Amino acid sequence: MAKYFPLFIDISEKTFLVVGAGNIAVRRILKLKEFGCKIIVVAKTIAATIMDQQDDRLILKERAYDSMDVEDVDYVIAATNNKELNEKIVWDCNRAGIMVNDASNYKNCDFYFPGIVTEEEMVIGVTSSGSNHRLARRVASEIRYNIKEVVTRCKKELEEDPNAEKFD
Ligand SMILES: C[C@@]1(CC(=O)O)c2cc3[nH]c(cc4nc(cc5[nH]c(cc(n2)[C@H]1CCC(=O)O)[C@@](C)(CC(=O)O)[C@@H]5CCC(=O)O)C(CC(=O)O)=C4CCC(=O)O)c(CCC(=O)O)c3CC(=O)O
Ligand SMILES: NC(=O)C1=CN([C@@H]2O[C@H](COP(=O)(O)OP(=O)(O)OC[C@H]3O[C@@H](n4cnc5c(N)ncnc54)[C@H](O)[C@@H]3O)[C@@H](O)[C@H]2O)C=CC1
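Criteria and thresholds
Residues numbered from 1 in each chain as written. Chains lettered and ligands numbered in written order. Predicted model: local features only at pLDDT ≥ 70, side-chain atom pairs only at ≥ 80, totals over all residues. Heavy atoms only, no water. Domains from an automatic or database assignment. Contact = heavy atoms within 4.5 Å. Buried area = accessible area lost by both parts, 1.4 Å probe. Salt bridge = Lys/Arg side-chain N within 4 Å of Asp/Glu carboxyl O. Polar contact = N/O pair within 3.5 Å; in protein donor to acceptor, adjacent residues only side chain to side chain. Nonpolar A, V, L, I, M, F, W, Y, C, P; charged D, E, K, R; others polar. Pairing = 2+ DSSP bridges. Helix = DSSP H or I, 4+ residues; strand = E, 2+ residues; numbered from the N terminus. Axes fitted to C-alpha atoms, helices over the stretch in contact; angles between N-to-C directions. 1 Å grid on protein atoms, 1.4 Å probe; cavity = no way out; pocket = protein on both sides within 12 Å on 5 of 7 lines; lining within 4 Å. Points joined across faces, edges and corners; volume = space filled by probe spheres on them.

Enquirer: Explain the domain arrangement of the chain to me, please; I cannot follow it from the model alone.
Expert: Bring the parts together and some accessible area is lost; that lost area is often taken as the interface size. Domain boundaries in the chain define domain 1 (15-112) and domain 2 (116-160). With centres defined by C-alpha atoms, the gap from domain 1 to domain 2 works out at 26 Å. On the side of domain 2, seven residues touch domain 1, which itself brings six residues to the contact. Both faces considered, domain 1 and domain 2 share a buried interface measuring about 440 Å² in area, 66% of it formed by carbon and sulfur atoms. Taken together, the connections running from domain 1 to domain 2 amount to zero salt bridges. Connecting domain 1 to domain 2 are zero residue pairs in polar contact (both at pLDDT 80 or more). For the side of domain 1 that touches domain 2, the per-class residue count stands at three nonpolar, no polar and three charged.

Next comes the structure, spelled out in C-alpha cells:
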C-alpha cells in the first residue's frame, strides 16, 4: 500500500534550509525556486551554477553546517555527501520539530522530494515511495514529455463540451 500522500503545500511564504550545494542539492534548489519560497543554503562549497543567483529569496552561506542553522526555518533538506552529517541534521530537526528530508537515506525522511512536472497551473509529483528512484525518474520524465499535449487537449475538449467526461 502506498503511504506517501501528496499534500500540495503553499510554500511561497515558507523558508527552506538546504544543507549542501552539490549536484543533488542544486537540482532541488532550482526546483524549489520555481515555487517562490525563501531558500537558505549552507554548504562548505557552493556549486558555480547557483553562485550568481543570490538574491533576497536565495541566501548562500559558504561554510560548514551548524546545528543553530535549523532555527527559524520551516523545512530542511540535508543533501551533503556526508551521511553521518545528514543524520545529525535530521536529529537536530527532529529535536526542533522541523520537517526534514535526508537525500542520502530514505528511512530518515519526514517527506520525499518527488519528481516534479509542471505545465501552467498543473503540478504533478511522482514518487515510488522510496522503492525505485530510477523508476520515479523515468515515469516523471515520460509525463514531462507528454504533459503539454494532454493539458492542451483536455482544456480544448472541456471548452467544447464541459459535460462530456471521457473517463471516470
Ligand atoms: C527517497 C528519496 C528521498 C529524498 O527525497 O531524497 C530519495 C532517496 C535516494 N535517491 C537515491 C538515488 C537516486 N535518486 C535518483 C533520482 C531521484 N530521486 C528522487 C527522489 C528521492 N530520492 C526520494 C523519493 C524517491 C522515490 O520516489 O523513489 C527524485 C524523484 C527527485 C529529486 O531528487 O529531485 C529524482 C528523480 C527526479 C526526476 O528526474 O524527475 C536517481 C536517478 C538519477 O539521478 O538519475 C538516483 C540514482 C539511482 C541509481 O543509480 O540506481 C539514493 C541513493 C543515494 C546513494 O547511493 O548515495 C537515495 C537514498 C536512499 O535510497 O536511501
Ligand atoms: N535523493 C537523490 O535523488 C539522490 C541522493 N544522493 C545523495 O545525495 C547526497 C549529495 O550528493 P551530491 O549532491 O552528488 O554530492 P556533492 O559531492 O556534489 O555535494 C556535496 C555537498 O555537501 C557539502 N558539504 C559537505 N560537508 C559539509 C558540511 N560539513 N557542511 C556543509 N556542507 C557540507 C559540500 O560542500 C557540497 O556542497 C549524497 O549523500 C548522495 O548519497 C545521490 C544521488 C541521488
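Enquirer: So what exactly am I meant to see when it comes to the sheet that holds strand 1 (residues 15-19) here?
Expert: In a beta sheet, neighbouring strands pair by backbone hydrogen bonds and run either parallel or antiparallel. Strand order in this open sheet of five strands is 3-2-1-4-5, and the pairing throughout is parallel. For this open sheet the edge positions go to strand 3 (58-62) and strand 5 (99-102), each flanked by a neighbour on one side alone. On average, adjacent strands in this sheet sit at an angle of 15° to one another, irrespective of strand direction. Along the sheet, helix 3 (residues 83-96) contacts strand 1, strand 4 (75-78) and strand 5; its crossing angle with strand 5, the most-contacted strand, is approximately 170°.

Enquirer: How should the side chain of Asp 102 be read in this particular structure?
Expert: Relative to the helices and strands, Asp 102 is located in strand 5. In this structure the side chain of Asp 102 is engaged in a polar contact, spanning 2.7 Å, whose partner is the side chain of Ser 104. For Asp 102, the residues in contact, after removing those within four places along its chain, are Ala 78, Asn 86, Glu 87, Val 90, Asn 108 and Cys 109.

Enquirer: When you look at the environment of Tyr 75 in this model, what are you seeing that I'm missing?
Expert: Take Tyr 75: it is sitting in strand 4. Residues Tyr 75 and Cys 93, spaced 18 residues apart in sequence, show a C-alpha to C-alpha distance of 8.8 Å. Those residues within four positions of Tyr 75 in sequence are excluded, and the remaining contacts are Ile 9, Ile 11, Lys 14, Thr 15, Phe 16, Leu 17, Ile 98, Met 99 and Phe 111.

Enquirer: I keep staring at the layout of surface pockets and nothing clicks. Help me out?
Expert: Any space left empty among the atoms is revealed by the rolling of a water-sized probe across them. If you add up the space inside the largest pocket, you get close to 1,200 Å³. Taken together, 46 residues line the largest pocket, and the ones lying closest to its centre are Ile 24, Arg 27, Arg 28, Ala 103 and Phe 113. Those elements that provide at least two residues to the lining of the largest pocket are helix 1 (23-33), helix 3, strand 5, strand 6 (115-119) and helix 4 (133-160). Take the lining of the largest pocket: its biggest share by element is seven residues, from helix 4. The residue inventory of the lining of the largest pocket, partitioned by class, reads 19 nonpolar, 17 polar and ten charged. Composition of the lining of the largest pocket by domain shows at least three residues from each of domain 1 (15-112) and domain 2 (116-160). Lining the second largest pocket are 23 residues, with Leu 7, Ile 9, Phe 111, Tyr 112 and Pro 114 positioned closest to its centre. Broken down by secondary-structure element, the contributors of at least two residues to the lining of the second largest pocket are helix 1 and strand 7 (122-126). In terms of residues, the lining of the second largest pocket owes the most to one element, strand 7, which gives three residues. Looking at side-chain class alone, the lining of the second largest pocket contains 19 nonpolar, two polar and two charged residues. Two domains each donate at least three residues to the lining of the second largest pocket, and these are domain 1 (15-112) and domain 2 (116-160).

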